[in-house]
Structures are given as C-alpha cells and as structure tokens.
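# Remarks on the overall topology
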Amino acid sequence: MSSRDMNRTSSAQETLDVLHDISQLLNTQLDRETLATCVSMIESGVNPEALATVIKELRRENANLNAGKQD
Amino acid sequence: MSNALHGLVVALVPAARRDERLRSELTEDALHILNSHIGSSRQVDIGHIAGNIRSKLSAQDSLRFSNLMGRLLDQDLLTRKHAVLQFMAALSASSNQPQPIIPPLVPSISRSSPSSPHPRSRKSSIAPPPQMVNDRTTTATKSKAQLLREYRLRHGRPQVAESVLLRDTLYLLQGISGKFVKFTEGKGDGELTVTFSEEPRYVLPAPTRALILRLSELGHLYVRVSKWSLSHHLQSQLTEYYRLIAVLESQMSQSGAAEDDGRGGGPREEESGLTLRRLEVWVDEWRLRMRMMSVCVEGCQDSAGGALVSLIYGYTDNGDPFVRGFTDQLLEEVSKPFFQTLQRWLFTGELHDPYSEFFVAANEELAHLQYTHAYSNANVGVLTGDGGFAGAEDEERNDSDETRNNGLILWEGKYQFRKDMLPSFVGESFGRKIFSTGKSLNFIRYSCHDSDWVATRSKLDHTGRALKYSDLPGLARSIDSAYQIASKRLLDIFLDKFRLLDHLKALKSYLLLGQGDFADQLMEALLTSLSRPANTLYRHNLTATLEAAVRSSNARYDPPDVLRRLDARMMEYSHGEIGWDVFTLEYKVDAPIDTVIDPEGMEKYLKIFHHLWKMKRVEGALSASWNRIACGARSFLGPTIKGVRRRSSAHSDVLERLEGEWHQIRVVLSEMIHFMRQLQAFCQLEVIECSWKELMDFVTKKDGDLDGLIQAHRNYLDRMVKKILLISPKAGKEEHLLIQVRELFNNILQFRDAAETLYNYCLAEAARADSERDHDRGVFTISESDGLGASKSADNLPRILRRVKEYSGLFTERAQAIVHSLQLHQDLDCRFLSVRLNFSDFYKTRKELKAALEASKAS
C-alpha cells in the first residue's frame, strides 16, 4: 500500500501532508496510511460520514476484542 | 474499494489479521454501513464545515487550522475536499469526547443519534451491557436537571423541549398564545392572564414556568400598548420592538438548526443560539421601556393633547436616567403635534386643531361671525356715503344693531382658554400669553382685515425656528416676543387705523359733556322743545337741533367720521313724561371698535350722560333765573339795590314788602348755584379728567394686549359711574345718594318755578303800579279786566311765598343730608366732594348750632 503511495507525485505527498496535519489537529487518531486509504476511498465516492462511522465501529470492535482478551 | 476496506479493517483491528472469519465479517459490516445512507442527503459547503471545525478549536489551533486549510485549498489533486474534511470532522467529534484513557471503556455509539444504525455485530459481539457503563459516565458529566429530564423521558412524561417553549415564548412576546403557554382573557375585567397547558403528558418544571411568566409580562404589556397606539412615537418604538423579536426569531431558528445537527453535541448548544435565559437578558431593557409605555398609555386613555403632554411631563421628574431619557424622548415626540399647533397659533393666529387637543378651543357658534363682520364693514361704507351723522334709515340701524355687539363677543368668545389642556411645562401665565397672542393675530386678521401683516409677520418669525419641547427657554422667548409684537400691533391698529382715541375723545366731549360750548348750545336749542310732553317730540326735530348745535359750536371741527356717529333720539317713553325724561344722545360705534366700547360700556356712558344732562339742565335753569332776578331787581324789584329810588313815590307797597323775600330767595339761589357748580366741577375735574388721564397713561404705554385695553377702558368707565353717580358700596343702598341728589335737582327746579311765579307776580304788580301812575297822570293804558286779574293774583301771594319758603327749606335739608352722607362715603373722592360743598363748614355749623340749641334748651 505504502509503496503504491510512494509512487505518487510529490504534490500528492504534499496534499497528504496537509491532510495529515489537519487530522492531527483534529485529533482523529488516524495514522498516515489509514488516512491515505480513507482519502482515496472518499475520492472514489464513498460517503464520508458513513466511512467515519465505519472507522468508529472498527475501533470499537478492536477495543472489544482487546477487552475480551484481557478478561 | 473492497481492497481499501480490507486494508482499513486490518489496520484498525489487528486481531483480524490472523482471524480470517472475523476479518470478512468486519469487512461485510463496514460495507453494509457504507451502503446505508447515513447523512448522504447533506450537501454542505466547505466553508461551513471549516467554520464548524474552527469553532471547536482553541484560538491557537484555529489559526493553525486556517493555515492548513489555505494550503489544502491550493492543492488541486483532491476533488472532494469538503468530503474529506467532513470525514475528519466527524471522526474528531467522536474523539473529542472526554479523552478515553482506556479506549475500550468508551461507549462510542451509545449516545449517537437514533438514526445511526446499530451494527449487527453488536448483538453478537462481546459487548458489555452498555447501559451500566453509560450511567456511570453520565452521572459524572451531567447536571441534575439533565438527569431529571432523562428520568422523565424514561417514564413517558417528557419535558417539553426548550426550543418548543422558546417558540411559544416568542409568540407570547407578541401577545399571541403559544402551544403550551396561552393568554386567556379573564372573565371579569378582560385582563390577560398566562396559563400553562395542563396536558399531563408534558411537564413544565417550575423554574421554567417562572421564567416564562416573567417573559410574558412583556407580551402582556405589548398587548395593552398596541391596543392604544398612543402616537406615532409609540408606533416607532413598537417597530423597534418588532425588530428585536425578528432578530430573536432568526436566532432561534439558527439555534434550532444547530440543535438538529448537533444533537448530543452538548457544548455547541451552550455556546450559541437562544435559550429562555438568554431571552430574558435580551428583553430586559425592553421590559422597562414597555412598562413606561404601558403606564403612559394607561394614564392617557382619557386625556389628549395638552393634558396628555402634561401627564407625560409629570414622569420626566424621575431619578432614573433611563426613565427620564425615555420620557423625554416620548414627550418630544408626543408634543410634536402640540407644538405644531402652537406654532401656527402663535405666529399666524390660526387654530388648527382637528381633534380639539389644544388648550385653546374655538367656539363653533361664533366661527361664522367674522363674515357678518365683513358685511357690517361694508355697511359702514354706505353710511359714510350719505355723509350725515344722522344715519337715519331704520333698516341700516337694525342691521348695525345686529352686528353691533359682535366685536366684544367675538373677541372674548370666539376662542376659549382651557386650563386643563394646558401642558404643565408651559405655565399658566405663559398659556395666557399664548392664548392672547393667537387671539390677537386672529382678530387682526379677520376682524381688522389686516391679514397681510399677519402673513408677513409669520414668515419673518418662522425662519429657521421650530418650537420644540427640548428648547423650553427658546420657547419662552418666542412666546414673549410674539406676544409683544402681536399685542402692540393690535393696539396700534385700534389706535391708528380705527382711531379709537378719536372715538373715546368724542364720547368724552359729547356724552360726558366735556365740550361745554356744544352742551350749552344744545341745551339752549332744546330748552323749549324738551319741556313739552314726550309724545309731541319728533326725532327729526331733535337730530336737526343736534346738527345746529354742532354747527354753532367748536364741535364742527371734529372729524366727520366722528360727527356722523353722533345721534339724538328719544328713549321709550310712557304717558306723562316730558322731553327731558326721554331725550338722549347716542354715539354709534361699529366693529371692531365695539370690542373696546362694547354695548355694556355704552349703557354706562348713557347713564352718566343722563345724570350729567340733568345736572346741566338744573344748572342752566338756575343761571337763567339768577339772570332774570338780578336784572329784574335792578329794573323794578329792589329799589334799594342802586340806592336810587326811581319814582319812589309811586312804588307799590306790595313790592316794597317783598324786598326781604327777594333777598332770601337770592341767598338760597346762590346756595343752590354753589351746590351745582361744585357738583359739576367735581364730576368734570375730579372724576372724568382723572379717569381719562389713567386711561391715557395706559394707551401711551401700550403695555399689554387688547384685553388690557378693554380692561383699562372698563376701569375708566366703572370709575366714572361709581363716582359721578355717587354709588356707595353698601349692598342695597347703592343708589341711595343718587336718588337724594335727583330729588334735590327736582327740588331746585320746583323752587325755581316758584321763584319764577313770584317774579311774574312782581312783574305784574310793577306793571299795575305803573299803570296806576299812568292813571294818575291821566294816561289810560290798562283795562279794567287787567286790574281785576292783578288783584286776583294778589290773593295768591301768600301761597306763592309759602311755596318758595317750603322749597328752600326742603333744599337746605336735603343738601345737608347729602353733605352728611358724603362725609361718611367710602370713596375718598366723594368725601372730597363733601369738603368742596361744605368748604366753609356752612352745613356743619348749622347742624351743630341746632344741636347746641337743643342742648341749651334741654339744660
């Protein structure tokens, strides 16, 4: 995935940088790669709010799983 | 697409990397969510999203965000920047919650909107009972009120949402009933009361109720104020109020929208938008204003115009600067129409007051009279045309009689002063001045036909000066100057244009007999005709005599306008009256002079004239008899007068015997003449001239308005009436002295008659003696019958002598009584008359002698 992103032009890199900064600022807790994935998905027409819900859901699942493990 | 999703799942849930089943399950879930239509309907613009985000950040972060946004917008790679932003914003919203230190404990979707779908996995997953966790966290973060609200929600009795109440309250502010809170009209007095919906499904907590009640006071006041839209100013105030409500409404709809999208996002709601409490703060200033308006409106229900202005003026003495400012403002507006009316009244003399709000009221009945006036003025032209002072045609006289008394009525009655409508900040003396000014201008314009002057004057006065409430000193100055100008002008018109002074002088010289030569001529010319019975007199003879008297005296140099007004006529007579009783002079005045010389005043003039005329007659009679007796004495009566006894041998015994009687008669006659002379001198010099001087003082000073002039003239007349007619202030005895004086006059005339008879007798006797002497000399000049007549009259002699004695005694008694009462008269001038009459203590000594005599007799 990252290799594919690497191939992008510098401008894409820059855009991602900016977006990442914003994401940091907004405390979305997304890492760079995930953010890149999400942005590309949104660019391809995915509903942003739905995607956000998905991310939240997955995080929750992950947390549940971790909790289950701990328990 | 699925690849990307796959990557996401792997990245976020590390466990899925190993568990193929879990991974596919999560991917399927995610796909399911993506295919659902969460928020897909939203079409939001990037600026709005950025604004939303920015509002959540701290100042520093927001700056940085703006920076980044600028850079992002520069990039052209992304086509759906807004979507990306929205995505991040949505994620941030959830992660912005109380920072989860232990991520697993975060109840991520438990408070999400109902529209967010519950993933299938939730049921199957190892979810801990979310309710418990939920409760624990909320207790930590929520207020008691929120708890209560939720408790009620759970029990199926939801609290009415604040947004709904807010809408209701906004309606209430406009006096409209809302859904849950209503205005109900009281049964008895129609007062509005606020009631809350009693539906048990909805609960309104007590504090909210109190808050709404407080707010609804404003709506209640609004209803009252708008019902009596008092004036333009209140309307504009109300417009401002509407504006406030409109602003509040728009705020509410915004906050409503914010609430819709931010449901569950508590912090947003607290920062912007409208709540009941904020509303309370917003309208707080208006509450006071509304209260003031309502108070004014309540107080002004029954009053209008000036009364209204004074009522509001009463509120300006308030310690609270806000209230004072408000009332000042209100008064400024409310008094505008008042000042407009005032301005027109003050500068043009027009009363423009369609709602009769001004403190000057026009008398409807007299409004038409100004036209009659114009007519009567035209009439005067006709009168001048015929040139004579007789003005004899009865028709014309009737006409002028009709309009004659209009002047004063018009002046005094056309406008009325209404004290209760006078604004209290003007003050009554000023009000009177204003009233008089406008009245003067109006009078100048309509009754004196000098509207040009008024027009130019008002133009001059108007320039750049508007009367206003806020400029009270200026107002006072304008009023003063306008008053002075108008009054002076009116007086000038009266004195110069209408020659008031000429008329007054004419009245004084003719009716008050000030012009002696004229009076003497008239008296002489009328002497014979006036002694005849009244019904044998004809008016044309009288007027002819009057004209002759005018011609033969200095009166002919008076202006013709004055002379043509002078007229002689007879009053209503009854049987047995002679010319003396009914003859009267008359002076006709027409509008607008009759404003000053009103009919009532004319009556007084006539009253004085009668008295003076009688006096004149008596005086004339006395001097005539004195003349005759004195002359006769020289020729035949008193042989001792010259010390030369002409034909003494032949002188009749009778005449010699009568010599003493004649002496007595001359003494009494001179006493009478003294009395009459003093009386006349008193009337002319002490009373008429002194009063005239006072009147002239006023006229030359020109200080005051027409009312002042009228008053001065009235005082002048009243003073003369009181002193000439010797009116005493004692009630019931006012004319007591006058009657005595009149009786005295009669007495004098009777005495004169008796003396004349005696004189005639003596003349006859002398003639008889002469004829006897002629007979002795042999000349027969007298017939037997004449001699018989003479002897007959000789029998009458004692009777004649008795009468003479009786009348002279009566005169002395009366004169004494009059002098005595004059001494006790309240008026100083009348007392002075007694001094004049009794300067040598003549009457007093007699009385004292009498007293002394009685005293000596008694002892």
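As annotated in an unreviewed UniProt entry, chain B is Related to Spindle pole body component alp6 from Serendipita indica. According to the UniProt record, the Subcellular location (unreviewed entry) comment for chain B reads "Cytoplasm, Cytoskeleton". UniProt, in its Sequence similarities (unreviewed entry) section for chain B, records the words "Belongs to the TUBGCP family."

Under an unreviewed UniProt entry, the name given to chain A is Mitotic-spindle organizing protein 1, and the organism recorded is Serendipita indica. Listed in UniProt under the heading Subcellular location (unreviewed entry), the comment for chain A reads: "Cytoplasm, Cytoskeleton, Microtubule organizing center".

### Points about the overall build of chain B
Across its full length, chain B holds 35 helices and six strands. Counting all 859 residues of chain B, 44% fall into the buried class. Across chain B, contacts joining residues at least 24 apart in sequence account for 73% of those joining residues at least 6 apart. Working note: accessible area of chain B is about 44,700 Å², and carbon and sulfur atoms make up 53% of it.

### Examining the pairing of strand E5 (residues 566-570) of chain B
Residue and element names in this part refer to chain B. The buried fraction of E5 amounts to four of the five residues, a majority that puts the element mostly inside the structure. Across five bridges, E5 lies against strand E6 (residues 583-587) in antiparallel orientation. Residue pairing across strands places Ala 568 opposite Leu 585, the latter belonging to E6.

### As for the nonpolar core
Residue and element names in this part refer to chain B. Ranked by internal contacts, the top residues of the largest apolar core, which has 122 residues, are Phe 518, Phe 583, Ile 597, Tyr 605, Trp 613, Phe 675 and Met 720. If you tally residues by element for this core, the top one is helix H30 (residues 653-701), at 20 residues. The two domains that each donate at least three residues to this core are domain 3 (336-503) and domain 4 (599-858). When sequence neighbours within four positions are dropped, the list of residues in contact with Phe 675 reads Leu 744, Phe 811, Ala 815, Ile 818, Leu 837 and Tyr 843. The next biggest cluster of nonpolar side chains, apart from the first, holds 64 residues, and it includes Leu 244, Leu 279, Phe 417 and Met 421.

### A few points about the interface of chain B and chain A
Contact residues are listed per partner, giving 56 residues for chain B and 47 residues for chain A. Between chain B and chain A, a total of about 5,000 Å² is buried, with carbon and sulfur atoms accounting for 73% of that surface. Broken down residue by residue, the surface that chain B buries against chain A is led by B:Leu12, B:Phe87 and B:Met88, which jointly contribute 14%. Where chain B packs against chain A, one counts zero salt bridges. Looking at the side of chain B that touches chain A, the elements that each hand over two or more residues are helix H1 (2-12), helix H2 (20-35), helix H4 (59-74), helix H5 (81-95) and helix H6 (120-124) of chain B. Here the side of chain B that touches chain A takes twelve residues from H5(B), the largest share from any one element. A class-by-class count of the residues in the side of chain B that touches chain A yields 37 nonpolar, 13 polar and six charged.

### Here we look at unusual backbone geometry
Residue and element names in this part refer to chain B. With phi around 50°, Arg 499 is a residue other than glycine that occupies positive phi space. Even without a glycine there, the phi angle at Leu 726 is positive, about 50°. Looking at the element boundaries, Leu 726 is found in the loop between helix H31 (706-724) and helix H32 (736-777). For Leu 726, a relative accessible area of 4% gives the class buried.

### Section: the confidence of the model for chain B
Residue and element names in this part refer to chain B. Within chain B, residue pLDDT values average 74, and 75% of them lie at 70 or more. Contacts for the low-pLDDT stretch residues 96-139, under 50 throughout, to residues beyond four places or in other chains number 33 contacts. Low pLDDT, under 50, characterises residues 370-404; the predicted model gives this stretch 49 contacts beyond four residues in sequence or across chains. Among the prediction metrics, the complex's ipTM stands at 0.80, with pTM recorded as 0.60.

What counts and how
- Residues numbered from 1 in each chain as written.
- Chains lettered and ligands numbered in written order.
- Predicted model: local features only at pLDDT ≥ 70, side-chain atom pairs only at ≥ 80, totals over all residues.
- Heavy atoms only, no water.
- UniProt positions renumbered as here; feature names shortened; annotations may be inferred.
- Helix = DSSP H or I, 4+ residues; strand = E, 2+ residues; numbered from the N terminus.
- Buried < 20%, exposed > 50% of the residue type's maximum accessible area, 1.4 Å probe, protein only.
- Contact = heavy atoms within 4.5 Å.
- Areas by Shrake-Rupley, 256 points an atom, 1.4 Å probe, with all protein chains shown as cover.
- Pairing = 2+ DSSP bridges.
- Core = buried A, V, L, I, M, F, W, Y, C linked by side-chain atoms within 4.5 Å.
- Domains from an automatic or database assignment.
- Buried area = accessible area lost by both parts, 1.4 Å probe.
- Salt bridge = Lys/Arg side-chain N within 4 Å of Asp/Glu carboxyl O.
- Nonpolar A, V, L, I, M, F, W, Y, C, P; charged D, E, K, R; others polar.
- pLDDT = per-residue confidence, 0-100.

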